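# Overview (structure and organization)
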Amino acid sequence: MARAILFDSTLCVGCRACEEACAGRWKLPYGEDIAAEERISERKLTTVVTHGERYLRRLCMHCLDPTCTSVCPVGALEKTGLGPVVYHEARCMGCRYCMLACPFQVPSYTWSARLPKISKCDMCADRQIEGQPTACSDACPTGATITGEREELIGEARRRMAAKPSEYHSRIYGLREAGGTSVLMLAAVPFEELGMNGRIPEEPLPQLTWRVLAHVPDVVALGTVLLGGVYWITHRRDEVAAAESPKGGRR
Amino acid sequence: MTRVLRLSLWQWVFGLVMLAGTYATYIRVAHGLGGSTNLNDQFPWGLWIGFDVLCGVGLAAGGFTLAATVHIFNLKRFEPICRPAILTAFLGYLLVVLALLFDLGRPDRIWHPLIMWNTRSVMFEVAWCVTLYTTVLALEFLPLVLQRFGLRTPLRWMRKVLIPLVIAGVILSTLHQSSLGTLYLIVPHKLHALWYTPLLPLLFFVSAIAAGLAMTIFESWHSARAFGRQLELSLLAALARVLAVLLAFYLALRLLDLARRGALPLALEPRMESFLFGLEISLMLLPMLLLFRRQVRLNPAALYASAVMVIFGFVTHRLNVSITGMEAGSGVSYLPKWTEVAVTLAIVAMGFAIFRFAAGHLPVFEGARITTEEEDRRAAAAPGDAWTPAPAEGD
Ligand code: SF4
Ligand code: SF4
């Protein structure tokens, strides 16, 4: 069963209880200065972003087919069966390809650490195993962030949109973006107006590179045959010439 | 007199560059990536990846191109420029690995991809290919060292595996040269439409071969001057002709692709991207037009100038993909910090210095090639070493 988070921007009052709970879970310092930084970084793994009267949360979307997982050369990022995308620090060599590739610009780096690492929301993977909601869902006083089964949350989102069509923009963000994500979002206005990238394709991004990578065996096989063939032909000429020369013997 | 002065000026420059590079290295070690680069969460790859790695690997493509020309296609007359090309490639890859040690957050884990696999990752494939190909280059280069020291038995073994090695080298190069372009296929949401295309792997592969040939011309010209040798003009002119055809093919691909995707009008918008796009195309188009002319190919100065233009055009394209084209999509602008530039310059300077040293002490030039069995036997019978390298003059 795949767990997911539903965030409903129309219910969010911008109290930042989720930010504080997240900081507590990761044992990161939290205060007004950090609350004011409305950007995911090594200092805060989730943030509320203010757009006038509206608030949108940013956090790892826990993609169904995560770009970060596919690009990581050492398999340091893993999509667990339960839904969370987790990070194995001991494998990471710090190439930062995951940061470049993530369509939602999520992974951060501890740039100044002596032994730097990626920092990223892990959807409270340990709590999920115990069947608990995420720390942010637990802390949210208005029910703007809730944890549940992905299918059920999609149903819930549809019910809310059907009940109050005038209050919702007609799209569940995360249903199809980048092949679908485990974090789903609802809002009153198009998500581009709330700072989300509108250029993210619906196809899972790993497909784009896999289409090319899948040909590696072909290149190896074809290359060996072709080059071997060319070698044989070009050097055969030499052999024949040598054999036919007066010293070469045959005639 | 002027010659002495000029040389010492370059030695001065070299000394200063190395000094700055050393200090920058200290900052990198002591203050981490945060203190030594202008990179941030929005812009995680900068000059070290864009130039040192992407361009470094491409500029070293002359190695596999010429190895294939000589050993597979059996065009033996290119042998004199094959050795230096392999030397350049070998040095190039070593320097790329060095640059990676600077760029990786955990350089102590650079070996991780060898035992921790993720076959879906382009970076994983590149890591393996670069490792294997650097080994292949070392082995292709080894015969020169063996010859230099007269070690004939291992030399005989090397001759037996040379052809499979060259074939492996060509395949590995084809794979990772194109994969450097594939790396960017994953960012359709970030990379500017003037550079994002499904053809990136092909464009990177073709442009690498072109740049590799241009580098071969470039270094032949320089070593001819440094060692007071005759320039292998007829050979270089032949390369230049292939280069012109390659450039024409590359530009046709590039422009047709832009037109098909309807991205050409973007080049007219008054933005930084358009200017750098124009620069990139001009630096490929102009040398192409020049190199199609026989007079240019047979004129050393014009040939050299054209090769330099191709190298700059190539570098501009790779920096456009990795930096210019990524800025708007990432929502930030990036200019390398002085430390990033200093490290890059020091790495380039080291490349020149090591090449010069190796060229002076190993049989790289002067008709250098791997000797045949028979020649070995004759040399063994007669005293005296047939492979004493040409003395390095003009130091
Ligand atoms: S949002 Fe980014 S970091 Fe999170 S799972 Fe998707 S690709 Fe990975
Ligand atoms: S920075 Fe670490 S987690 Fe990210 S892609 Fe590189 S090795 Fe993987």
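These figures come from a predicted structure and were not determined experimentally.

## A short note on the overall build of chain A
For chain A, the count of helices and strands is nine helices and nine strands. At 26 Å, chain A has a C-alpha radius of gyration far larger than the 18 Å of a compact globule built from 251 residues. Across the 251 residues that make up chain A, the buried fraction comes to 51%. For chain A, long-range pairs separated by at least 24 residues make up 56% of all intrachain contacts whose partners lie at least 6 apart in sequence.

## A short note on the side chain of Asp 103 of chain B
Checked against the element boundaries, Asp 103 of chain B lands in helix α4 (residues 79-103). We classify Asp 103 of chain B as buried; its relative accessible area is 2%. Ignoring sequence-local partners within four residues, the contact set of Asp 103 of chain B consists of Gly 94 and Arg 96 of chain A together with Leu 33, Leu 39, Trp 48 and Ile 49 of chain B.

## Notes on the site of ligand 1
Neighbouring ligand 1 are 14 residues, the closest being Cys 60, Met 61, Cys 63, Cys 68 and Cys 102 of chain A. Counted by class, the shell around ligand 1 contains eleven nonpolar, two polar and one charged residues.

## Points about the layout of surface pockets
Counted as a void, the second largest pocket has a volume near 520 Å³. Lining the second largest pocket are 26 residues, and of these Arg 58, Phe 104, Gln 105 and Gly 195 of chain A together with Gln 42 of chain B sit closest to its centre. Of all the elements in the fold, those that place two or more residues in the lining of the second largest pocket are β2 (47-51) of chain A together with α12 (300-330) of chain B.

## Re empty space enclosed by the protein
Residues and elements named next belong to chain A. The full count for this structure, using the stated rule, is six cavities of 30 Å³ or more. The computed volume of the largest cavity comes to approximately 130 Å³. Cys 22, Cys 121, Met 123, Cys 124 and Cys 136 are the residues nearest the centre of the largest cavity, which is lined by 15 residues in total. Going through the elements one at a time, α1 (17-26) and α6 (135-139) are the ones with two or more residues in the lining of the largest cavity. Per-element accounting of the lining of the largest cavity gives the leading share, three residues, to α1.

## So, the packing of helix α2 (residues 47-59) of chain B against helix α13 (residues 338-361) of chain B
Two quantities define a packed helix pair, namely the angle between the helix axes and the distance between the axes. All names here are of chain B. It is at 10 Å that the axes of α2 and α13 come closest, and there the two elements cross at 10 degrees. By the criterion of interaxial angle, the relationship of α2 to α13 is roughly parallel. From α2, Leu 47, Trp 48, Phe 51 and Asp 52 reach across to α13, where they touch Thr 339, Glu 340, Val 341, Val 343, Thr 344, Ile 347 and Val 348. A per-class count over the contact of α2 with α13 returns seven nonpolar, two polar and two charged.

## Notes on a nonpolar patch on the surface
A cluster of nonpolar residues, Leu 9, Trp 10 and Val 13 of chain B, forms a patch on the protein surface that exposes about 320 Å² of accessible area. The residue Trp 10 of chain B is located in helix α1 (residues 2-36) in this model.

## Things to note about the packing of helix α7 (residues 152-182) of chain B against helix α8 (residues 200-226) of chain B
Residues and elements named next belong to chain B. Packing of α7 against α8 brings their axes to within 7 Å, and their N-to-C directions diverge by 125 degrees. With respect to α8, the axis of α7 lies oblique. Crossing of α7 over α8 shows right-handed handedness. Between α7 and α8, the contacting residues are Thr 174, Gln 177, Ser 178, Leu 180, Gly 181 and Thr 182 on the first element and Leu 200, Pro 201, Phe 204, Phe 205 and Ala 208 on the second. Residue composition of the contact of α7 with α8, grouped by class: six nonpolar, five polar and no charged.

## Quick notes on the interface of chain B and chain A
Contact residues are listed per partner, giving 52 residues for chain B and 57 residues for chain A. Counting each side, the surface lost to burial between chain B and chain A is near 4,800 Å², with a carbon and sulfur contribution of 61%. By the criterion of area lost to chain A, the three top residues of chain B are Arg 120, Ile 186 and His 189 of chain B, representing 16% of everything that side buries. Linking chain B with chain A are four salt bridges, by the criterion used here. Notably, a salt bridge pairs Arg 109 of chain B with Glu 89 of chain A, separated by 3.7 Å at the nearest N-O pair. Across the contact surface, chain B and chain A share 26 residue pairs in polar contact (both at pLDDT 80 or more). Per-element tally for the side of chain B that touches chain A: the top contributor is α7 of chain B, with seven residues. Partitioning the side of chain B that touches chain A into residue classes produces 29 nonpolar, 15 polar and eight charged.

## A closer look at the packing of aromatic side chains
Inspection of the entire model under this criterion finds 18 aromatic pairs over all chains. With a centroid separation of 6.2 Å and 75 degrees between ring planes, the pair formed by Phe 104 of chain A and Tyr 173 of chain A is classed as edge-to-face. With Phe 104 of chain A in the loop between α4 (97-101) and β6 (108-109) and Tyr 173 of chain A in the loop between α7 (150-163) and β9 (183-186), this pair connects stretches of sequence that are 69 residues apart. Each member of the pair Phe 104 of chain A and Tyr 173 of chain A is classed as buried. Here Trp 221 of chain B and Tyr 304 of chain B contribute two aromatic rings whose centre-to-centre distance is 3.8 Å and whose plane-to-plane angle is 20 degrees, an arrangement assigned as stacked. Of this pair, Trp 221 of chain B sits in helix α8 while Tyr 304 of chain B sits in helix α12, and the two are 83 residues apart along the sequence.

Conventions and cut-offs
Residues numbered from 1 in each chain as written. Chains lettered and ligands numbered in written order. Predicted model: local features only at pLDDT ≥ 70, side-chain atom pairs only at ≥ 80, totals over all residues. Heavy atoms only, no water. Helix = DSSP H or I, 4+ residues; strand = E, 2+ residues; numbered from the N terminus. Rg over C-alpha atoms; globule rule 2.2 N^0.38 Å. Buried < 20%, exposed > 50% of the residue type's maximum accessible area, 1.4 Å probe, protein only. Contact = heavy atoms within 4.5 Å. Near = heavy atom within 4 Å. Nonpolar A, V, L, I, M, F, W, Y, C, P; charged D, E, K, R; others polar. 1 Å grid on protein atoms, 1.4 Å probe; cavity = no way out; pocket = protein on both sides within 12 Å on 5 of 7 lines; lining within 4 Å. Points joined across faces, edges and corners; volume = space filled by probe spheres on them. Axes fitted to C-alpha atoms, helices over the stretch in contact; angles between N-to-C directions. Parallel < 35°, antiparallel > 145°, perpendicular 65-115°, else oblique. Patch = residues over 30% accessible without salt bridge, like charges linked within 9 Å, V, L, I, M, F, W, Y side chains within 5 Å. Areas by Shrake-Rupley, 256 points an atom, 1.4 Å probe, with all protein chains shown as cover. Salt bridge = Lys/Arg side-chain N within 4 Å of Asp/Glu carboxyl O. Left-handed = near helix turned anticlockwise from the far one by under 90°. Buried area = accessible area lost by both parts, 1.4 Å probe. Polar contact = N/O pair within 3.5 Å; in protein donor to acceptor, adjacent residues only side chain to side chain. Phe/Tyr/Trp six-rings, centres within 6.5 Å; stacked < 30°, edge-to-face > 60°.

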